[in-house]
Amino acid sequence: MVFGRRFGIDYGAARIGIAICDADGLVATPVTTLKNDKDFFEYLRQLQSEYSAVGIYLGRPKHLSGEIGTIQGDVDEFADKLVKEINLPISWVDERLTSSGASQALRNRGLNSKTSKGLVDQLAAVSILELGIALEKNA
């Protein structure tokens, strides 16, 4: 089992949600939502330095049927850049229903989609991180 803080990342064409866990992988916390633009990797390097992260769980988009989603090519390109720019190991996590689950949780708390866009991405990143840690502990 890996010890150390790890990022959970929910990739999106417009926004990327980021979460972090504690060194023991017990608590996953939303960190921020960043624009998917030319400055993204600079911001992520700053976060990596601040949190001393040792790895990344990245969501693999799949359809409910289990087939790879159409955005996977974009996520693969993003992962390649991530490894080059941040130099942390990446573990893939099936992200089915993470964003919809996060949206539903926020709706249950009375928040609408307009006011909670960035928060949805962060909560989806938390789910990805929690799933990754659980799979790692059960491997």
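A brief structural summary. Since the structure is predicted, the reported quantities are computational estimates derived from the model, not experimental observations. (Residues numbered from 1 in each chain as written. Predicted model: local features only at pLDDT ≥ 70, side-chain atom pairs only at ≥ 80, totals over all residues. Heavy atoms only, no water.)

1. Brief notes about the environment of Gly17
Here Gly17 lies in strand 2 (residues 15-21). The class of Gly17 is buried, set by a relative accessible area of 0%. Not counting the four nearest positions on each side in its chain, Gly17 is found in contact with Gly8, Ile9, Asp10, Thr32, Thr33, Asp121, Gln122 and Ala125. (Helix = DSSP H or I, 4+ residues; strand = E, 2+ residues; numbered from the N terminus. Buried < 20%, exposed > 50% of the residue type's maximum accessible area, 1.4 Å probe, protein only. Contact = heavy atoms within 4.5 Å.)

2. So, the pattern of salt bridges
Two side chains bearing opposite charge may form a pair once their charged atoms approach each other closely. Taken as a whole and assessed by the stated rule, the structure comprises 5 salt bridges. The partner of Asp39 in a salt bridge is Lys38, with the nearest N and O atoms 3.5 Å apart. Asp39 gets classed as partly exposed once you look at its relative accessible area, which sits at 31%. The closest approach of N and O atoms between Arg45 and Glu42, which form a salt bridge, is 3.1 Å. Within this pair, Arg45 and its partner Glu42 are both found in helix 1 (residues 40-51), separated by 3 residues, close to a single helical turn. (Salt bridge = Lys/Arg side-chain N within 4 Å of Asp/Glu carboxyl O.)

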